[in-house]
Amino acid sequence: MENGEGYVYLALRDAMSSIGQKVNLLAVVVEHGAPKKTKGTGVNSYLLQMREIKILHVSEDLEGNWVLFVWDGTDAPPVSFQTNLDAEAQNPLPLHLEPSPLSRDVLCKFPCVGTVLRIFANNPREELGLRSLGIGQWVKFHKMMFQSQSGLWHGLLTPSSRLSALSDEDNTVVHCERYYNERLSSNLNNLPLSSFPWPSLITETDHDHVAFSTLMDVLTYSKVTQKFKCVVRVVALLPWRAEDFRSPEGTRVYRIRLTLEDPTARIHAYVFAEDGVKFFEGYPPPDTLTRKMNKLLGLTESGSSEDSDNVSRNPPWVQCCIKSYYLVKSNPWETRRYRIFGTKLVQ
């Protein structure tokens with residue numbers, strides 16, 4: 001909308017997608033200040049009064065608890081971590097928050113761009129109308145709590161939550177669908193929105209001209225084996241001490257498991273053998289490996305992976321190449337794994 005002086009005012013949703021442009025906003029500040037942390041849980045919470053989302057999948061357990069998988073084409077914001085790096089062996093960061101992973105058939109029905117948010121409803125009231133929801137239906141949720149747990153955003157329905165159905169012709173629905181199609185039309189728009197204007201330069205790949213894929217693209221690709229280039233964050237690794245990156249006996253090959261995330265998914269990917277030599281530029285001493293991995297994990301200069309208790313870190317977005325493979329030829333999909341290749345962690 002334009003006023004008499006020729007200024008153009010944008011909705012917040014449009015302004016967020018206007019990367020590198022000067023915009024004018026007209027909005028109401030409903031809250032300010034630092035994010036609130038719940039005592040003892042390390043969970044950041046905020047209350048979103050209303051949001052329009054599309055129902056992609058619904059599951060219900062034997063106790064009547066529901067999980068709704070919803071989407072609107074946008075990316076959930078990345079979260080900083082306050083975790084014990086040494087706990088990854090016994091208490092690894094989860095790849096998902098639902099009790100059991102979704103089947104590949106379900107994942108293949110999800111969009112490959114934008115976050116699929118999980119909304120949990122424990123013994124929801126009948127009047128909330130969850131049973132009337134249809135897959136593919138757009139709805140507006142009122143007064144829903146959002147939380148970050150283990151770095152993964154999810155929603156919680158509260159006693160005051162309400163929902164209402166939206167038609168496909170609703171202005172917000174039309175805008176969301178158009179925004180999603182615009183993201184699909186450009187390879188750069190497949191990048192995480194929070195990685196703009198460009199990912200960190202601490203990694204380099206051998207495949208500069210290959211189009212970017214999301215981790216949901218990786219998970220749902222039609223063939224078991226394939227190669228991809230992604231922009232991800234390394235949110236955990238195992239083992240985390242540089243002295244343990246290589247096998248203790250024999251040929252002393254690299255063998256490390258990275259936990260990668262982007263706005264669409266989390267996966268485990270391995271740095272192994274000759275790909276590890278490429279990744280670390282040979283066999284540098286442990287202190288050099290530690291400095292490199294600290295940057296990859298998002299540790300500040302004042303922090304250190306040697307002091308693993310409750311380390312605060314904000315991993316950067318980095319480029320990497322990922323290839324999928326299988327362990328058992330007779331059972332390829334169930335034994336599918338992922339490995340880093342053609343990627344170098346530079347000084």
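It should be noted that the structure appears before, not after, this text.
Residues numbered from 1 in each chain as written. Predicted model: local features only at pLDDT ≥ 70, side-chain atom pairs only at ≥ 80, totals over all residues. Heavy atoms only, no water.

Turning our attention to the overall build of the chain. Check the secondary structure of the chain and you find six helices and 17 strands. Burial analysis of the chain (347 residues in total) assigns 45% to the buried set. Long-range contacts, defined here as pairs at least 24 residues apart, represent 67% of the contacts in the chain between residues at least 6 apart. Accessible surface for the chain amounts to roughly 18700 Å². Of this, 52% is attributable to carbon and sulfur atoms. (Helix = DSSP H or I, 4+ residues; strand = E, 2+ residues; numbered from the N terminus. Buried < 20%, exposed > 50% of the residue type's maximum accessible area, 1.4 Å probe, protein only. Contact = heavy atoms within 4.5 Å. Areas by Shrake-Rupley, 256 points an atom, 1.4 Å probe, with all protein chains shown as cover.)

In an α-helix, one turn spans 3.6 residues, which is why side chains three or four residues apart end up on the same side. For helix H3 (residues 171-185), with 15 residues, the first-to-last C-alpha span of 21 Å sits near the 21 Å given by 1.5 Å per residue. Val173, His175, Cys176, Tyr179, Tyr180 and Arg183 are the residues of H3 that are buried. Seen from one end, H3 has its buried residues packed into an arc of 165°, which puts them on one side. When the buried face of H3 is taken as reference, the exposed residues oriented beyond 90 degrees from it are Asn171 and Ser185. In this structure Asp170 caps H3, since a side-chain oxygen of it lies 2.9 Å from the backbone nitrogen of Thr172. (Expected span 1.5 Å × (residues − 1). Arc of directions from axis to C-beta. Polar contact = N/O pair within 3.5 Å; in protein donor to acceptor, adjacent residues only side chain to side chain.)

This part is about the pattern of salt bridges. Overall, the coordinates contain 15 salt bridges when judged by the stated rule. The residue Arg233 makes a salt bridge to Glu261 at a minimum N-O spacing of 2.8 Å. Of this pair, Arg233 sits in strand E11 (residues 226-238) while Glu261 is found in strand E12 (residues 255-262), placing the two residues 28 residues apart along the sequence. Judged by its relative accessible area of 1%, Arg233 falls in the buried class. The network of salt bridges with common partners includes Glu204, Glu281, Lys292 and Lys344. (Salt bridge = Lys/Arg side-chain N within 4 Å of Asp/Glu carboxyl O.)

In this model, Phe196 is joined to Pro197 through a cis peptide bond whose omega is 10°. You can see Pro197 is positioned in the loop between H3 and strand E10 (203-205). Along the chain, Leu238 connects to Pro239 via a cis peptide bond; the corresponding omega equals -5°. Mapped onto the fold, Pro239 is located in the loop between E11 and E12. In this model, Lys143 sits at a positive phi of 55°, which is unusual for a non-glycine residue. Along the chain, the position of Lys143 falls in strand E8 (residues 138-149).

Most of E11 sits out of view: ten of its 13 residues are buried. Relative to strand E15 (residues 318-326), E11 is paired through seven bridges, and the arrangement is antiparallel. Paired with Val231 across the strands is Gln319, a residue of E15. Bridge count between E11 and E12: five bridges; the pairing is antiparallel. When the sheet's bridge partners are listed, Val234 is paired in E12 with Leu260. (Pairing = 2+ DSSP bridges.)

Across all of its chains, the model carries nine aromatic pairs by this definition. Plain terms: the ring middles of Trp198 and Phe212 are 6.0 Å apart, the flat faces sit at 70° to each other, and that makes the pair edge-to-face. Taken together, the residues span a long stretch of sequence, with Trp198 in the loop between H3 and E10 and Phe212 in the loop between E10 and helix H4 (215-220) at a distance of 14 residues. Measuring from centroid to centroid gives 5.0 Å for Phe279 and Phe280, while their planes differ by 85°, and the two rings are edge-to-face. Here Phe279 falls in the buried class, since its relative accessible area comes to 3%. (Phe/Tyr/Trp six-rings, centres within 6.5 Å; stacked < 30°, edge-to-face > 60°.)

All right, on to a nonpolar patch on the surface then. On the surface, Leu188, Trp198 and Leu201 cluster together to form a nonpolar patch covering roughly 330 Å² of accessible area. With respect to the element layout, Leu201 can be found in the loop between H3 and E10. You can call Leu201 exposed: its relative accessible area is 65%. (Patch = residues over 30% accessible without salt bridge, like charges linked within 9 Å, V, L, I, M, F, W, Y side chains within 5 Å.)

Moving on, we come to the environment of Thr74. Positionally, Thr74 belongs in the loop between strand E5 (66-71) and strand E6 (81-83). The exposure class of Thr74 is buried, given its relative accessible area of 16%. Each C-alpha atom of the pair Thr74 and Pro263 lies 8.8 Å from the other, and the pair is 189 residues apart in sequence. A polar contact is formed between the side chain of Thr74 and the side chain of Asp72, at a distance of 2.6 Å.

Let us now look at helix H5 (residues 273-280). For H5, the set of buried residues is Ala273, Asp275, Gly276, Phe279 and Phe280. Burial along H5 is one-sided: seen end-on, the buried residues are contained in an arc of 145°. Tucked into the core, H5 has its buried residues touching E12, strand E13 (265-272), helix H6 (286-297), E15, strand E16 (336-341) and strand E17 (343-345). Phi turns positive, to about 60°, at Glu281, one or two residues after H5.

A few words now on the side chain of Thr343. Along the chain, the position of Thr343 falls in strand E17. We classify Thr343 as buried; its relative accessible area is 1%. Of the polar contacts made by the side chain of Thr343, one reaches the backbone nitrogen of Cys321; its length is 2.9 Å. If sequence neighbours within four positions are ignored, Thr343 has contacts with Thr203, Glu204, Thr205, Lys278, Phe279, Gln319, Cys320 and Cys321.

Function-wise, these values are silent; they only describe arrangement.
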